[in-house]
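# Structure assessment
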Amino acid sequence: MPDALLLTLLLAAVATGWWLGRRERRKSINPAPPQGLARDYFVGLNYLLNDQQDRAIETFVGALEVNSETIDTHITLGNLFRSRGEADRAMKIHQNLLARPSLTGSQGERVQLELARDFLSLGLLDRAERLLKGLLRDSQDAELTRSARRLLGDLFERQGEWSEAFAVITPQLLRDSQELRRTAAHWLCQQAEEERGNASPVLARRHLKQALNTDPKCVRANLLLAALEHDTGHYRQEITLLSRIPEQDSAFIPSLLEPLANAYRLLDDEEGLIAHLQRLLDKTPYTSVIILLAETLRHQRGTEAAIDLVSTQLNRETSLGALDYLIDLYRQHGSSTALEQLALLQQHTTTLLAKLPRHRCRRCGFSGDQLHWQCPRCRHWGTIRPITGIEGE
């Protein structure tokens, strides 16, 4: 049984037992305990001890009367259901709580917030939006309204309403959370991509500059600004923008290589590209940098120059991708007697590389070939990065 689940069930058991004892003491004129409640309490404990967690939860929920002393336990049990993927059961518990006239105003607001989370989990976005907007309008609890704003931003994000998502987040919230600043910057980048697609580069630039003001480490914003310069043929400005990315986050150097190479080639400046790639290689010896530099050298100075570069780099740091590329160079340059053996060796390295993902989320571990700005599994923004090491970059 998971630790969190066991802790919650024990809390429910203790709360039920405590409330039962308290009720017995209050009823001193009738010392006999309420038999139905006592029976449910011990039945629930029996289920818990026998690792029948679902039946234990149902028994404790049924046995524990809703009042000001047990409200936290009911909320916790509802949240437990939602965390286990049973948001419909959580919704029923929270709706049942909300219908109780004994709730104070602050307790009612807490339950509404949790009910909004249930609705979000179930995809009932309109109902969640109404609850959250009502809380923002009526609640005086600063911490609760902060949570409501963050949830409402998440709701607008799910609907692709990027400007509404950004507008609901206050400057104070952004100052207090680096993760939220990163998320908000990606919302602005989403707007910029849409504006670029609608041929509105001025608006796109405005949102991208706002994204960098929100999160100076937003690599995506500089990639998009560089793409806007490329659209208008300003290739030197594009290179300047791409050159800022290694200072933001060197892990994203592989992502800038293709547009960087295109810009230099459109300027007919292969020597400039070689010098730029050499600087990147000195900073971070990524496989993709090695291969692009070697290919450029091969076209400019011949296969021997490419072989020398890759061999030197492999002596410094092992890389399966660079080894695979080196084998291909030897096949092009080697004698006919070695070609069969080299082809067989490259077949193995190519097969290994084809099975390896290129990117991984640093929060949930999701991996794949494509760079997603938002993780498809955990939905966090900017957490997927290129994989480095022997089998990666």
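Preceding this paragraph is the structure being described.
Here is a short report on the structure shown in this document. (Residues numbered from 1 in each chain as written. Predicted model: local features only at pLDDT ≥ 70, side-chain atom pairs only at ≥ 80, totals over all residues. Heavy atoms only, no water.)

### Comments concerning the sheet that holds strand 1 (residues 359-361)
- With respect to topology, 3 strands assemble into an open sheet ordered 2-1-3, the strand pairing being antiparallel. Each having just a single partner strand, strand 2 (367-368) and strand 3 (384-386) make up the two edges of the open sheet.
- Pairing of strand 1 with strand 2, which is carried by 2 bridges, proceeds in the antiparallel orientation. Within strand 2, the position partnered with His359 by the bridge is Gly368. (Pairing = 2+ DSSP bridges. Helix = DSSP H or I, 4+ residues; strand = E, 2+ residues; numbered from the N terminus.)

### A few points about the environment of Ile387
- Tracing the backbone shows Ile387 in the segment after strand 3.
- Measuring from C-alpha to C-alpha, the distance between Ile387 and Asp369 comes to 9.9 Å, with 18 residues separating the pair along the chain.

### Some points on helix 16 (residues 253-266)
- Taking 1.5 Å as the rise per residue, helix 16 with 14 residues should run 20 Å; its terminal C-alpha atoms sit 20 Å apart, in good agreement.
- A bend of about 25° at Pro259 is the largest found in helix 16.
- Close packing links the buried residues of helix 16 with helix 13 (219-231), helix 14 (235-242), helix 15 (245-248), helix 17 (270-283) and helix 18 (287-301).
- Note on helix 16: the residue one or two positions beyond its end, Asp268, has a positive phi of about 55°. (Expected span 1.5 Å × (residues − 1). Bend = angle between axes of the 7 residues up to and from the residue. Contact = heavy atoms within 4.5 Å.)

### Considering the packing of aromatic side chains
- In total, this model carries 2 aromatic pairs according to the counting rule given.
- When the centroid spacing of 5.8 Å and the interplanar angle of 25° are considered together, the rings of Phe252 and Trp373 count as stacked. Taken together, the positions of Phe252 in the loop between helix 15 and helix 16 and Trp373 in the loop between strand 2 and strand 3 put the pair 121 residues apart, joining distant regions of the chain. One exposure class covers both Phe252 and Trp373, and it is buried. (Phe/Tyr/Trp six-rings, centres within 6.5 Å; stacked < 30°, edge-to-face > 60°. Buried < 20%, exposed > 50% of the residue type's maximum accessible area, 1.4 Å probe, protein only.)

### Digging into the nonpolar core
- In terms of nonpolar packing, the biggest core is built from 79 residues, with Leu260 and Val310 touching the most fellow members.
- Apart from the residues lying within four places of it in its own chain, the contact partners of Leu260 are Ile239, Leu242, Leu273, His276, Leu277 and Leu280.
- One finds Phe81, Ala90, Leu103 and Val111 within the second-largest nonpolar core, a separate group that totals 8 residues. (Core = buried A, V, L, I, M, F, W, Y, C linked by side-chain atoms within 4.5 Å.)

### A closer look at the environment of Phe119
- Position of Phe119 among the secondary structure elements: in helix 6 (residues 105-122).
- Accessibility expressed as a relative area gives 4% for Phe119, which makes it buried.
- Once the C-alpha coordinates of Phe119 and Met91 are considered, the two residues, 28 residues apart in sequence, prove to be 7.4 Å apart.
- The contact partners of Phe119, leaving out residues within four places of it in the chain, are Met91, Gln95, Leu124, Arg127, Ala128 and Leu131.

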